[in-house]
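# Descriptive analysis of the structure
Residues per chain are reported as follows:
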Amino acid sequence: MATGSPKIFSHLSNGQPGFSLSPRIDQVGVEERASRFTKRSIKKESKLNGLKLVLNMIDLTTLEGKDTDGKVKQLCYKAMHPHDALPDIPTVAAICVYPSMVKIARKALGDSGIKVASVATAFPSGQAPKDVKIRDTKYAVNEGADEVDMVISRGKFHSGEYNYVFDEIAAIKEACGDARLKVILETGELGTFDKVRRASDIAMHAGADFIKTSTGKIQPAATMPVTLVMLEAIRDFYYKTGKMIGMKPAGGISKSKLALHYLVMVKETLGEDWLNNEWFRFGASSLANDVLMQIVKEKTGVYQAANYFSVD
Amino acid sequence: MDKSIKKSSLTISENGLEKKTSGKRLEVLKTYKIYIGGQFPRTESGRYYVPVNAVGKKLANVCLSSRKDFRDAVVSARGAFSGWSGRAAFNRGQVLYRMAEMLEGRKAQFIEELTQQDASKAKAEKEVNLAIDRLIYYAGWCDKYQQIFSAVNPVASSHFNFSVPEPTGVVSIVAPQNDSLLGLVSVIAPVITGGCTCVVLASETKPLCSVTFSEVLNSSDLPGGVVNILTGKPSELASWFVDHMDVNATIYCEKDSSVKKMMREKSALNLKRIIFYDKVNWYTEEGQSPYFIMDTQEIKTTWHPVENIAGAGGGY
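Values in this document were obtained by computation on a predicted structure and should not be read as measured data. (Residues numbered from 1 in each chain as written. Chains lettered and ligands numbered in written order. Predicted model: local features only at pLDDT ≥ 70, side-chain atom pairs only at ≥ 80, totals over all residues.)

### Some details on the overall build of chain A
As a reminder of what qualifies: Helical segments are the DSSP runs of H or I of at least four residues, strand segments are the runs of E of at least two, and each set is numbered from the N terminus. Radius of gyration means the value over C-alpha atoms here, while the globule rule gives 2.2 Å times the residue count to the 0.38 power. Remark: C-beta atoms are placed from the backbone, and a residue is labelled buried if 20 or more other C-beta atoms sit within 10 Å of its own, exposed if 12 or fewer do, or partly exposed between those counts. Residue pairs qualify as contacts under a 7 Å threshold applied to their C-beta atoms, which are placed from the backbone.
The helix and strand tally for chain A stands at 11 helices and eight strands. For 312 residues, the compact-globule formula gives about 20 Å, and the C-alpha radius of gyration of chain A, at 19 Å, lands near that figure. Taking the principal axes of its C-alpha atoms as reference, chain A extends roughly 60 × 45 × 30 Å. Every one of the 312 residues in chain A was classed for burial, and the buried ones make up 48%. Within chain A, contacts between residues separated by at least 24 positions form 73% of all contacts whose residues are at least 6 apart in sequence.

Below, the structure is given as structure tokens:
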């Protein structure tokens, strides 16, 4: 695919819409709407169910340069046994690791049903040639990854080379085979809601199964307004094509209360079909413990302390 | 010019809209808010109560804190713990001294508030003076109690074995109801001297000084979250103060035996330490002692292997 001259998709024969014509986002409106979701009162039984749902939607993540086999095994154990004192709570949705750790995670998780997600494509910067990214992806899938979290080329996106970004996502999707593809937009580097919306449209049309806010390495990471913009892009895409796309906010969601606000936002934007870990995930590490603490608080009536929960 | 001012402050205007006003200035009353994490929020619950003094005068509208305010305060106290306990002991002493300085500077206000809360002028002045002196007293102890209470222990193996006091963590305090300033300062000071952080429920009936004291704390280099002060009802909050799993010790200063029993029972949940100061007279010498610091300290013993120089036949 030529990358020199940026083309507008509507000029191409492939039938894709013109992404430079993606809807403009009303920033004030989005922020106002997002803040409304934080005003819902969720108590007692529904809170407990919400918390369990949140736990079941977590991609328990470790993406550190210092990750070791032992750390990944430990995290896998935590994924399968979030809190042994509570037998009737769900497991998390997936473990999210670097490609080199996929095999260890796959083996550790066994037949628990918990998915292995791997970041790929020169995560987190994405600054590598396309063939390297494709090999990175194939390696992760061959090692046993059920899901691939790729990053888009933000540099190319900012220089207007939307075709390049589109083609790259499509190529990675092909390399994924049966693995589900999550496309990380890294909204903290995109700058405006307009660009977030445009990147979302590109990713979904190029074959993303999920769109994801952030790598967790850049601030700001996931926020409610930016997630709302992406959820609305998913909704519009669904109305247009009938195809469901998943959503994964990642980074900066570490408290249960905030996670419940996100669930409210999903329910009121996309509806209940998205309220399961097939279509909605939280990329987080410390969120799991906070959710566990709140669940124990709901069950015992006593406020909990972090040092009675496993370190992860 | 002079005439018109007088006219406007005393008479009704021609159209009748301007009411007769006196020349006396309307006083701006202080809003008494709680102190959490170095901030002065209103209670999350939005509730308030109106304590009255002995002659029936309303003291103020005071926040009626809820268990969620307490929960937030514990989060702040836990967050502040590593920083405060990690400070050089000498520096903690400097901060306590600074608190005393700031209290001295606002002496008149405290005396005023204490007299509103039924104290005589002389008693109020004595209470404020003692409170200042108490802070100075504990400021001095900050870097000294460790030496007094540490020990090198004799052991039979080639180990250097020593025990040192370390702060236990977050302490919840139900402050004395009556000595609303001196009692408050006397229970907070030893706790923070030892490097602990705390959440305090101030006197329910006499809360004015506690809120003003938190303003002193806020202007005296004490990091936010080290001391958090709530106002409200012990009857409502005491059980939360003692069964929170992230609280390491609870101090109770009243004589209510049913509350004491409840505290003893609930403390079993995480084996937190329960300390009763119901018999202490804060006005006397017994109201200050390094042993108050030790009430919220844990003794840590370390076995440090040493080379048995004589046994190895070597030497320097």
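### So, the interface of chain A and chain B
Quick note on the threshold: Under the scheme applied here, ten amino acids are nonpolar (Ala, Val, Leu, Ile, Met, Phe, Trp, Tyr, Cys and Pro), four are charged (Asp, Glu, Lys and Arg), and all others, including Gly, are polar.
At the junction of the two partners, chain A supplies five residues and chain B supplies six residues. Of the residues belonging to the side of chain A that touches chain B, the class tally is four nonpolar, one polar and no charged.

### Comments concerning the confidence of the model for chain A
In regions of low pLDDT, the predicted coordinates are not meant to be interpreted in detail. Applied cut-off: Summary of the metric used: pLDDT quantifies the predictor's per-residue confidence within the range 0 to 100.
Mean pLDDT over chain A works out to 92, with 95% of the residues at or above the 70 mark. Counting contacts from residues 1-12 of chain A, a segment whose pLDDT is below 50, to residues more than four positions away or on other chains yields 19 contacts.

### Quick look at the sheet that holds strand β1 (residues 58-61) of chain A
Residues and elements named next belong to chain A. Applicable threshold: Two strands form a pair only when DSSP identifies at least two bridges running between them. Axes, fitted as lines to C-alpha atoms, cover a helix only where it is in contact. Angles between the N-to-C directions of the axes lie from 0 to 180 degrees.
If you walk across this open sheet you meet the eight strands as β7-β6-β5-β4-β3-β2-β1-β8, and the pairing is parallel. For this open sheet the edge positions go to β7 (246-248) and β8 (282-284), each flanked by a neighbour on one side alone. Neighbour to neighbour, the strand axes of the sheet diverge by 25 degrees on average, direction disregarded. Sheet topology note: the strand β5 (residues 180-184)/strand β6 (residues 210-212) ladder contains three bridges and is parallel. Across the sheet, valine 183 pairs through a bridge with isoleucine 211, a residue of β6. Its contacts with the sheet place helix α7 (residues 162-176) against β4 (147-151) and β5, and it is angled at close to 150 degrees to β5.

### What about the nonpolar core?
Put simply, the rule reads: Each nonpolar core consists of buried Ala, Val, Leu, Ile, Met, Phe, Trp, Tyr and Cys residues. Their C-beta atoms, within 7 Å, join them into a set.
Core analysis: the largest hydrophobic core is formed by 98 residues, its most contacted members being Ile58, Ile95, Ala105, Val183 and Ala203 of chain A. Per-element accounting of this core gives the leading share, nine residues, to helix α9 (residues 224-241) of chain A. When near neighbours in sequence (up to four residues on either side) are disregarded, alanine 203 of chain A contacts Ile152, Ile169, Val183, Leu185, Ala208 and Ile211 of chain A. If you look at the next biggest cluster of nonpolar residues, it comprises 82 residues, including Val62, Trp141, Cys196 and Val227 of chain B.

### Topic: the confidence of the model for chain B
Residue and element names in this part refer to chain B. Within chain B, residue pLDDT values average 92, and 91% of them lie at 70 or more. For the stretch residues 1-8, pLDDT sits under 50, and the model shows zero contacts to residues farther than four places along the chain or on other chains. In the predicted assembly, ipTM is 0.83 and pTM is 0.87.

### Section: the sheet that holds strand β10 (residues 297-305) of chain B
Residue and element names in this part refer to chain B. The strand order across the open sheet formed by three strands is β3-β4-β10, and the pairing between neighbours is antiparallel. The sheet is open, and its two edges are formed by β3 (151-153) and β10, each paired on a single side. Within the sheet, the average angular offset between the axes of one strand and its neighbour, ignoring direction, is 25 degrees. Alignment of strand β4 (residues 159-167) against β10, held across nine bridges, turns out to be antiparallel. Paired with phenylalanine 160 across the two strands is histidine 304, which belongs to β10.

### A word on helix α7 (residues 182-193) of chain B
All names here are of chain B. Using the following cut-off: Working rule for helices: expected span equals 1.5 Å times residues minus one.
Between its first and last C-alpha, α7 extends 16 Å over 12 residues, near the 16 Å set by a 1.5 Å rise per residue. Counting buried residues in α7 gives 12 out of 12 residues, a clear majority hidden from the surface. Inspection of α7 places Leu182, Gly183, Leu184, Val185, Ser186, Val187, Ile188, Ala189, Pro190, Val191, Ile192 and Thr193 among the buried residues, and these make up the whole buried set. Immediately beyond the C-terminal end of α7, within one or two residues, lies glycine 195, with a positive phi of roughly 95 degrees.

### Comments concerning the pairing of β4 of chain A
Residue and element names in this part refer to chain A. The line we're drawing: By convention, orient the strands away from the viewer: a clockwise path from the first strand over the helix to the second makes the crossover right-handed.
With respect to burial, β4 is a largely interior element, five of its five residues being buried. By the bridge criterion, three bridges tie strand β3 (residues 115-119) to β4 in an arrangement that is parallel. Paired with alanine 117 across the two strands is glutamate 147, which belongs to β4. Between β3 and its parallel partner β4, the chain crosses via helix α5 (residues 130-143), and the hand of that crossover is right-handed. Relative to β5, β4 is paired through five bridges, and the arrangement is parallel. In the sheet register, aspartate 149 faces β5, and the bridge partner there is lysine 182.

### So, α5 of chain A
Residues and elements named next belong to chain A. The following threshold applies: The arc refers to the directions leading from the helix axis to the C-beta atoms.
Between its terminal C-alpha atoms α5 stretches 20 Å, which fits the 20 Å expected from 14 residues at 1.5 Å a residue. Restricting attention to buried positions, one finds in α5 the residues Lys133, Asp136, Thr137, Ala140 and Val141. Viewed end-on, α5 has its buried residues packed into an arc of 130 degrees, placing them on one side of the element. α5 presents Asp131, Val132 and Asn142 as exposed residues on the side facing more than 90 degrees away from its buried surface. At its buried positions, α5 is contacted by α4 (102-109), β3, β4 and α7. Two residues or fewer past α5, glycine 144 is found with a positive phi of approximately 120 degrees.

### Thoughts on the environment of serine 285 of chain A
All names here are of chain A. Relative to the helices and strands, serine 285 is located in the loop between β8 and α11 (287-300). Owing to 20 C-beta atoms within 10 Å, serine 285 belongs among the buried residues under this scheme. In sequence terms serine 285 and leucine 63 are 222 residues apart; their C-alpha atoms lie 9.8 Å from each other. Residue contacts for serine 285: discarding those within four places in its chain leaves Leu60, Thr61, Thr62 and Asp312.

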